[in-house]
Amino acid sequence: MSDSDSDSDSGSRPDLDFVQPWFLGPAAENDRLLEDLVVEFLRDHAYWRRNFHPEDGLRISAGARHAPAFLDVQARMRAELHRLSASLKRAVPFFHPRYVGHMTGDLLIPGLVAKLITTLYNPNNVSEEAAPVTLEWELQVGEQLARMFGFAVDDDAEPCAWGHLTSGGTVANYEALWNFRSVRFYGLALQAGAREVGFDPGPVGPAQKELSAYTAWELLNLSIDDTIALRRDVARHLRAHHPPPLFHAFAAAVRAERIESLGTAGFFLKHDLAPPRVLVSSSAHYSWAKGMKVLGLGTAHLVRVAVDDHMRMAVSHLRDELDRAEEGRIPVLAVVGMLGTTEFGTVDPIHAIADERDERRGRGVELGLHVDAAWGGYLTSVFRRPDGSFHGQDEVAEGFRHFPSDTVYRAFQALPRVDSVTIDPHKLGYVPYPAGAFVARNREVVDFITQEAAYVFDLGDETTPRPRRETLHNLGQYILEGSKPGAAAAAVHVTHRVLPLDSQGLGRLLKLTVRACEIFYDSVADIQARLEGRVRLCVPFEPDSNLICLAVNPWDNASAAAMNRFARAVFAHMKVEGHRPVQVKTFIGSYTSLLKSTLPGDQAHRILGGLRLDPDTFRLIPQDPAREADHLFILRHTLMNPWLLAGPDERSYIDHYWDWLEDVVDDVLAGGEWRQG
Ligand SMILES: *Cc1c(COP(=O)(O)O)cnc(C)c1O
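A. Local environment of the domain arrangement of the chain. Taken domain by domain, the chain consists of domain 1 (149–182 + 283–450 + 466–498), domain 2 (186–257) and domain 3 (507–675). Taking only C-alpha atoms into account, the centre of domain 1 sits 30 Å from that of domain 3. Counting residues at the interface gives 28 residues for domain 1, matched by 28 residues for domain 3. On the domain 1 side of the interface with domain 3, the three residues burying the most area are F344, W375 and Y430, jointly 23% of the side's total. Across the contact surface, domain 1 and domain 3 share three salt bridges. Between D544 and R312 there is a salt bridge whose closest N-O contact spans 2.7 Å. In this assembly, domain 1 and domain 3 are joined by 16 residue pairs in polar contact (both at pLDDT 80 or more). Residues belonging to the side of domain 1 that touches domain 3 are distributed by class as follows: 13 nonpolar, nine polar and six charged.

Here you go:
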């Protein structure tokens, strides 16, 4: 959002009618619709069971249901379920426009019903044998997502993309690292294996030279596509010129040399390599640090690239870090761009990162490029026409005041250039947990992952990609997880069918959420005027999507610690507390912190200035147990409910939020506890 003039136009309500059938609704308005659907398909399921072998008759007799033991169990089931149902009344009301906290909203009815119904069948998407229907649907979901990002998915396309579901963005991110590690260190293993069995395939790979003539640095800097091509070249030579026993000896030697066999430490010791780096923006999700631990890559090698004044990865800093790695001959396993940060909803300049990748590729230095779009991935639908083409920026901008900024537009447009993407259907796809997804631009990466690597050289005809169905029906071989819910695949699939991933489908809903964020943002100046003399407000980063943060500081306060105490006290009013009924809350929000340790100095200066905080009070104090001065506590609002734009009366929920915040601010100011450290 670039221009920030503040005349709010929340008076002209966008048309919300079209979303009315999509959700159960804030007041369960569509309960009859949901009930009808559930009952209809529950019955359908019962008939299916009955007709499996109707000649077998009944195993549970009508009479048995009157036996005391039966009635006893039934009573206990009912009692426990009542207890559950009663306890769940303390659950978080994600479905309501008064909930503006974390990245969860109401569930779309098609996905919800698909999930409930499919659970009755309980398919396990680990393999086709356990999920004849939903595994295929999961692969189709992968294609739908890939197509939305702009990857090619036709079976004869090269490269051809693929994707699958995970439990969430966290596991999808691990998988991205796993895939990169598997492919990027393959070349070295191939060369070592060839040396071991005394085999040289002749001219191969992008440089068309002897395998043994490649330097380690060259092999480490092959792109995914080049590594795939290299392996194919080698297989072709093997088959043309050598007898089958050599295939097996060679395949076994390569397998033994791979990082998967030697272990990360063993592989790097053997080849005398510096540990590879992974670069993320300093606002990346914490799953990246976890992933570095899980894969044994080490968090010391996760480089946090500084952000710019929009909380986006600063390309100049990225360049510096890449130069440093290049000078030290340290391989960069991946650069991760964020398409919607978890804390701020900001979008990294994916196009500029891809340009950087292309430029370095030109001089023989490769970076894997992954996009963590767990949050923002579905916003791509806003940019896609139903025919699959990409909307012009002006078309996307229709109905918005700021969105999409140039950076945001170009970042989404650049998605087809990246190697892989993480996206969370259980966030902006509005489907039940668990549903994340990993999408790769080149499906042949799975050949480097599979547990059965030998066939890569054994089979007769692997020089051309095999059809997807044949490759992927044993999904468990290619992914981190094993048994997994086919019901999740059904939920996402049915949702995508009912609400296609374009600007006329799901995009229509997501536009409302971005619009809500704009209206919120544009009203801050008015609210600031209203609260003059009481508090200062500051939106630390202009929103790129539908998430917005707000810092609140008492008017005359100059101390960061005191502001934090004040903001925490404000937040206490919008916080879910396990021991109190949620109904006492007027609005529910979330919070985040700007850390002194990662906030660039010029950003800190700007934000502290806006809040009139004394920079000397914002500092790292190693001995301070309260740690009140090393961060700024700010309110965080995830605006994913379309009915934020409507309201209980002629004023919208956003207007009501401001009224409420004003009351809370007055309350906390009057209490005065925040003054005492
Ligand atoms: C939510 C999120 C994740 C983690 O996803 P889970 O589904 O919670 O595992 C990763 N990255 C980003 C940017 C996220 O917003």
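Having seen the structure, we can now continue with the description.
B. Broad picture of the environment of G101. Structurally, G101 is set in the loop between α2 (68–87) and α3 (109–121). Classification of G101 by relative accessible area gives buried; the value is 0%. Measuring from C-alpha to C-alpha, the distance between G101 and R417 comes to 33 Å, with 316 residues separating the pair along the chain. When sequence neighbours within four positions are dropped, the list of residues in contact with G101 reads I588, G589, S590, R636, H637 and T638.

C. Up close: a nonpolar patch on the surface. Together, V73, M77, L81, L84 and L88 make up a nonpolar patch on the protein surface, roughly 470 Å² of accessible area in all. Inspection of the secondary structure assignment puts L84 in helix α2.

D. Seen up close, the site of the ligand. Taken together, 16 residues lie around the ligand, and T170, D372, D424, H426 and K427 are the ones closest in. At a separation of 2.8 Å, an oxygen atom of the ligand approaches a polar backbone atom of G169. Note that an oxygen atom of the ligand is positioned 2.6 Å from one of the side-chain N or O atoms of T170. Here the ligand has 380 Å² of accessible area as a free molecule, and 87% of this is covered by the chains. Considered class by class, the residues forming the shell around the ligand number four nonpolar, nine polar and three charged.

E. Fine view of the packing of α3 against helix α20 (residues 486–498). One can describe the packing of α3 onto α20 by two numbers: an axis separation of 8 Å at closest approach and a directional angle of 150°. With respect to their mutual orientation, α3 and α20 come out roughly antiparallel. Regarding α3 and α20, the two cross each other, and that crossing is right-handed. Residues P110, G111, A114, K115, T118 and T119 of α3 lie in contact with α20, whose contacting residues are G486, A487, A488, A490, A491, V494, T495 and V498. Of the residues contributing to the contact of α3 with α20, the split by class is eight nonpolar, five polar and one charged.

F. Structural context of the packing of aromatic side chains. Summed over all chains, the structure comprises 28 aromatic pairs. Both rings, one in Y186 and one in F448, keep their centres 4.7 Å apart while their planes meet at 85°; by these two values the pair is edge-to-face. With Y186 in helix α6 (residues 186–197) and F448 in helix α17 (residues 446–449), this residue pair connects regions lying 262 residues apart in the sequence. Like Y186, the residue F448 is buried in the burial classification. Ring-pair connections join several aromatic residues into one group, and the members of that group are F383, F390, F400, F403, Y409 and F412. For the cation-ring pair, R508 lies above F18, with the distance from its terminal atom to the ring centre recorded as 3.8 Å. Looking at R536, its charged tip hangs above the ring of W555, at a distance of 3.8 Å from the centre.

G. Local environment of the nonpolar core. Ranked by internal contacts, the top residues of the largest apolar core, which has 109 residues, are L145, Y378 and L661. Considering each element in turn, this core owes the most residues, twelve residues, to helix α21 (residues 506–530). Two domains share this core, each providing at least three of its residues, namely domain 1 (149–182 + 283–450 + 466–498) and domain 3 (507–675). When residues no more than four places from it in sequence are discounted, the contact partners of Y378 are L145, M148, I423, D424, P425, L428, G429, V492, H496, L501, L506 and L510. Counting 58 residues, the second largest nonpolar core, distinct from the first, contains F185, Y186, I259 and L297.

H. Representation of the environment of P349 within the structure. The residue P349 is located in the loop between β4 (332–338) and α13 (350–362) in this model. Among all residues touching P349, those that are not within four sequence positions of it are R312, M313, V315 and T407.

I. Fine view of the sheet that holds strand β8 (residues 535–538). Strand order in the open sheet formed by four strands is β8-β9-β11-β10, and the pairing between neighbours is antiparallel. Pairing within the sheet leaves two strands with one partner each, and these edge strands are β8 and β10 (590–595). Between one strand axis and the next, the sheet turns by 35° as a mean value, whatever way the strands run. Alignment of β8 against strand β9 (residues 547–554), held across four bridges, turns out to be antiparallel. Bridge pairing in β9 places L537 opposite V552.

What counts, and where the lines are drawn
Residues numbered from 1 in each chain as written. Predicted model: local features only at pLDDT ≥ 70, side-chain atom pairs only at ≥ 80, totals over all residues. Heavy atoms only, no water. Domains from an automatic or database assignment. Contact = heavy atoms within 4.5 Å. Buried area = accessible area lost by both parts, 1.4 Å probe. Salt bridge = Lys/Arg side-chain N within 4 Å of Asp/Glu carboxyl O. Polar contact = N/O pair within 3.5 Å; in protein donor to acceptor, adjacent residues only side chain to side chain. Nonpolar A, V, L, I, M, F, W, Y, C, P; charged D, E, K, R; others polar. Helix = DSSP H or I, 4+ residues; strand = E, 2+ residues; numbered from the N terminus. Buried < 20%, exposed > 50% of the residue type's maximum accessible area, 1.4 Å probe, protein only. Patch = residues over 30% accessible without salt bridge, like charges linked within 9 Å, V, L, I, M, F, W, Y side chains within 5 Å. Areas by Shrake-Rupley, 256 points an atom, 1.4 Å probe, with all protein chains shown as cover. Near = heavy atom within 4 Å. Axes fitted to C-alpha atoms, helices over the stretch in contact; angles between N-to-C directions. Parallel < 35°, antiparallel > 145°, perpendicular 65-115°, else oblique. Left-handed = near helix turned anticlockwise from the far one by under 90°. Phe/Tyr/Trp six-rings, centres within 6.5 Å; stacked < 30°, edge-to-face > 60°. Lys NZ or Arg CZ within 6 Å of the ring centre and 35° of its normal. Core = buried A, V, L, I, M, F, W, Y, C linked by side-chain atoms within 4.5 Å. Pairing = 2+ DSSP bridges.

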